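Structure assessment
Each chain is listed here by its residues.
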Amino acid sequence: MSESKNAPLLLRAARGEKVERTPVWMMRQAGRYMKIYRDLREKYPSFRDRSENPDLAIEISLQPWHAFQPDGVIMFSDILTPLPGIGIDFDIIESKGPQITDPIRTQAQVDAMTDFNPEESLPFIKTILNTLRDEVGDASTVLGFVGAPWTLAAYAIEGKSSKNYSVIKNMAFSEPAILHNFLGKVADAIAQYVCYQIDCGAQVIQMFDSWAGQLSPQDYDIFALPYQKRVVDKVKAIHPDFPLILYISGSAGVLERMAKSGVDIISVDWTMDMAEARQRLGKEMLVQGNIDPGVLFGSQEFIKNRIIDTARKAGNWGHIMNLGHGVLVGTPEDNVRFFFETCKNVQSFL
Ligand code: CP3
């Protein structure tokens, strides 16, 4: 690939190239653990304003970039952001989390979903991604992201964050046709959304199927995997070489199945040993992760040792360093700074 020479580190690693050091970024690296974010949130209390007003979303996306220079800069947004574009309205309420205005429970509601036109319903995404590319140049890689159909369906159908997923599982296990119709429509919209983010300048895209680990493997094969694959197949038909990452929380029971989605990189959560994940996935598969976000509450000596251990287990090819899920609220910012600095120098400790 001729353009590879100037491409940023994380993008080259995500393409499977041999790189000079393992790149590092953090899921949820913009957000509430940062004081500068909390201060801005007081001024702009609406999550949808912060994520849909491009000036604010750009400023927030760049907060961790200015503080820590991660190798990846992820746009500030939410997996729910595209839902109003298919006729599903939402808000994110302080201390309650996501709230769907009119949760999807019937076939009539699925039929009433609107056609997705990302240029029209999500014009701010174009400004955000274009500007992030201009701001970071080749010094970092701009990441886009989407929610996978199962996880988006969990919010749209439950209506909020859920503990037991009883409403969506009731639909899955008693009226599966309605759920399959919904998942199919969401998958097609999300595939369009990924392509739109690519057109707007995203260089790597992570698909979050955060709650697919709540399914037993036999149900994962019916309700999660086919729709992840439908998104990946549609994107790859247009952009065959574009790097896609898949993340699932609690994925130990479905790790090999994740690879069947056709993504390029598996983001491993922290409940798995990285060496075992490598073994199970085979040496061709690229991996991301997988340090316990709780490690950042530990001493810096502990953090350093865990980074070295993870780097050794992952090896020096095909690895993007990251946490095993999003950075937690309350994490000391100095430990985040220490994490990035240590990851960038990890070679000297190996
Ligand atoms: O990584 C980044 O810096 C980008 C930020 C980002 C947000 N949401 C901003 C946000 C990302 C990548 C997401 C994705 C997302 N949203 C996921 C998948 C990632 C994962 O953690 O598994 C999920 C499941 C959601 C749905 C969602 N949105 C939840 C569960 C919450 C938290 C509710 C709460 O109050 O704890 C949100 C709200 C949200 N999205 C916040 C942020 C920074 C917190 C609210 C706020 O800052 O006011």
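Attention in this report is confined to the structure presented alongside it. Please read these numbers as outputs of a predicted model, since none were measured by experiment.

Estimates place the volume of the largest pocket at around 1300 Å³. Taken together, 43 residues make up the lining of the largest pocket; nearest its centre are Arg-28, Arg-32, Phe-47, Asp-78 and Ile-92. Residue assignment for the lining of the largest pocket shows that the elements contributing at least two residues are helix 2 (35–43), helix 3 (47–52), strand 2 (90–93), strand 3 (97–100) and helix 8 (149–158). Top contributing element to the lining of the largest pocket by residue count: helix 2, with five residues. Tallied by class, the residues present in the lining of the largest pocket amount to 22 nonpolar, 11 polar and 10 charged.

Glancing now at the sheet that holds strand 5 (residues 204–208). Read from one edge of the open sheet, seven strands run 1-4-5-6-7-8-9, paired in parallel fashion. Each end of this open sheet is capped by a strand with a single partner; those strands are strand 1 (72–74) and strand 9 (319–323). Direction aside, neighbouring strands of the sheet carry axes that sit 25° apart on average. Two elements, strand 5 and strand 6 (residues 244–247), share four bridges in a ladder whose sense is parallel. Across the sheet, residue Met-207 finds its bridge partner in strand 6, namely Leu-246. This element, helix 12 (residues 225–238), spans strand 5 and strand 6 of the sheet and lies at about 170° to strand 6.

Let us now look at the environment of Gln-107. Relative to the helices and strands, Gln-107 is located in helix 5 (residues 107–111). Ignoring sequence-local partners within four residues, the contact set of Gln-107 consists of Ala-177, Ile-178 and Asn-181. Within polar-contact distance, the side chain of Gln-107 engages the side chain of Asn-181 at 2.9 Å.

The next subject is the pattern of salt bridges. On inspection of all chains with the given rule, the structure shows 16 salt bridges. As a salt-bridge pair, Asp-188 and Lys-234 come within 3.0 Å of each other at their nearest N and O atoms. Residue Asp-188 is found in helix 10 (residues 176–199), and its partner Lys-234 is found in helix 12; the two are separated by 46 residues along the sequence. Judged by its relative accessible area of 25%, Asp-188 falls in the partly exposed class. By relative accessible area, Lys-234 is classed as partly exposed at 38%. Across the pair Glu-256 and Arg-280 runs a salt bridge whose closest N-O atoms are separated by 2.7 Å. Of this pair, Glu-256 sits in helix 13 (residues 255–259) while Arg-280 is found in helix 14 (residues 274–281), placing the two residues 24 residues apart along the sequence. For Arg-280, a relative accessible area of 34% corresponds to the partly exposed category. In this structure, a network of salt bridges that share partners links the residues Arg-48, Glu-52 and Asp-89.

The rules behind each value
- Residues numbered from 1 in each chain as written.
- Predicted model: local features only at pLDDT ≥ 70, side-chain atom pairs only at ≥ 80, totals over all residues.
- Heavy atoms only, no water.
- 1 Å grid on protein atoms, 1.4 Å probe; cavity = no way out; pocket = protein on both sides within 12 Å on 5 of 7 lines; lining within 4 Å.
- Points joined across faces, edges and corners; volume = space filled by probe spheres on them.
- Helix = DSSP H or I, 4+ residues; strand = E, 2+ residues; numbered from the N terminus.
- Nonpolar A, V, L, I, M, F, W, Y, C, P; charged D, E, K, R; others polar.
- Pairing = 2+ DSSP bridges.
- Axes fitted to C-alpha atoms, helices over the stretch in contact; angles between N-to-C directions.
- Contact = heavy atoms within 4.5 Å.
- Polar contact = N/O pair within 3.5 Å; in protein donor to acceptor, adjacent residues only side chain to side chain.
- Salt bridge = Lys/Arg side-chain N within 4 Å of Asp/Glu carboxyl O.
- Buried < 20%, exposed > 50% of the residue type's maximum accessible area, 1.4 Å probe, protein only.

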